[in-house]
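# Coordinates in review
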Amino acid sequence: MSTGIAPPTAGRYRAAMHRAVAFTRELGCTSRTSFEATPAVITPEFSEIIREWARINICSRSDELIAGMCMQITHELVEFLQGAGVAAIYTLGWMSYHDHPVYRFDQTDVRRWIERGIPNRRKVDVHAWATLPSAEIIDPSWLSTVGIVQNKRDLIGAVIIADADQRTAHQYHPVAADAQVLFRIGLLNPVSVMDVPRQSPPTQDLLAMVT
């Protein structure tokens, strides 16, 4: 069944990132002025470094510190990449899998959360991932969450690495950029990882599709 989500096209994600940066700047939550994609960053060697980071930094955690913790895990990955000289951008948005929307929200929701707060901080319908300056995507947490919920332990620590045109079943839809917007909303706690809001668990319909 179609959900009306446009299929991936060349430049779509780059344009969406440009809009996300402009929106976040309007909120006063980023110093970025625009998003102009650079040449590709990802190489086989780069991908292996990311997967090794995930093996060390995700697989060693207890399940409760992995499942639904996309905001915290992505924040740690972005800090690692930035420390290594890669200008990764913390990206808050939603995703779709075979046109099935997951954690869908928009800029109106972000404005409402800033003004009124998150209705339920323990179950939040948002997703987070890292966008490289090339518009390539690294999602360090989604497959691990699926693996824990479905008891498929081999998925824990698996990372989605996608090119800018997202030629995969997973499609990413950025809404806001940079971690400052999460601190503003209260979706990321710089002091206590245990007080970080969690994603809502994936629906059973979606899990049946993924696995």
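Residues numbered from 1 in each chain as written. Predicted model: local features only at pLDDT ≥ 70, side-chain atom pairs only at ≥ 80, totals over all residues. Heavy atoms only, no water.

## Observations regarding the overall build of the protein chain
Just so we agree on the cut-off: In DSSP terms, a helix is any run of H or I states spanning at least four residues, a strand is any run of E spanning at least two, and both are numbered starting from the N terminus. Think of it in three bands: with a 1.4 Å probe and only protein chains considered, a residue is buried below 20% of the maximum accessible area for its type, exposed above 50%, and partly exposed in between. Pairs of residues are marked as contacts when any of their non-hydrogen atoms sit within 4.5 Å. Surface exposure here means Shrake-Rupley accessible area, sampled with a 1.4 Å probe, where a residue is shielded only by the protein chains that are shown.
Looking only at helices and strands, the protein chain features 7 helices and 6 strands. Walking the protein chain from its N terminus toward its C terminus, one meets helices and strands in the order α-α-α-β-β-α-β-β-α-β-β-α-α. Within the protein chain, the proportion of its 211 residues that are buried is 51%. Within the protein chain, contacts between residues at least 6 apart in sequence are counted, and of these 75% link residues at least 24 apart. A total accessible area of about 9700 Å² is found for the protein chain, and carbon and sulfur atoms account for 51% of it.

## So, the pattern of salt bridges
Selection rule: Should a side-chain nitrogen of Lys or Arg be within 4 Å of a carboxyl oxygen of Asp or Glu, the pair is scored as a salt bridge.
The full count for this structure, using the stated rule, is 8 salt bridges. E48 serves as the salt-bridge partner of R55, at 2.5 Å between the closest nitrogen and oxygen. We classify R55 as partly exposed; its relative accessible area is 40%. Residue D63 pairs with R153 through a salt bridge whose shortest N-O separation is 2.9 Å.

## Structural notes on the side chain of T131
What counts, and what does not: Nitrogen and oxygen atoms within 3.5 Å of one another constitute a polar contact, given that in protein one can donate a hydrogen and the other can accept it, and given that sequence-neighbouring residues count only through two side-chain atoms.
Locating T131 in the fold gives a position in strand β3 (residues 127-131). At 2.6 Å, the side chain of T131 forms a polar contact with the side chain of Y13. T131 has contacts with Y13, M17, F35, A87, A88, I89, T91 and E136, leaving out every residue within four places of it along the chain.

This is a description of form; function is not addressed.
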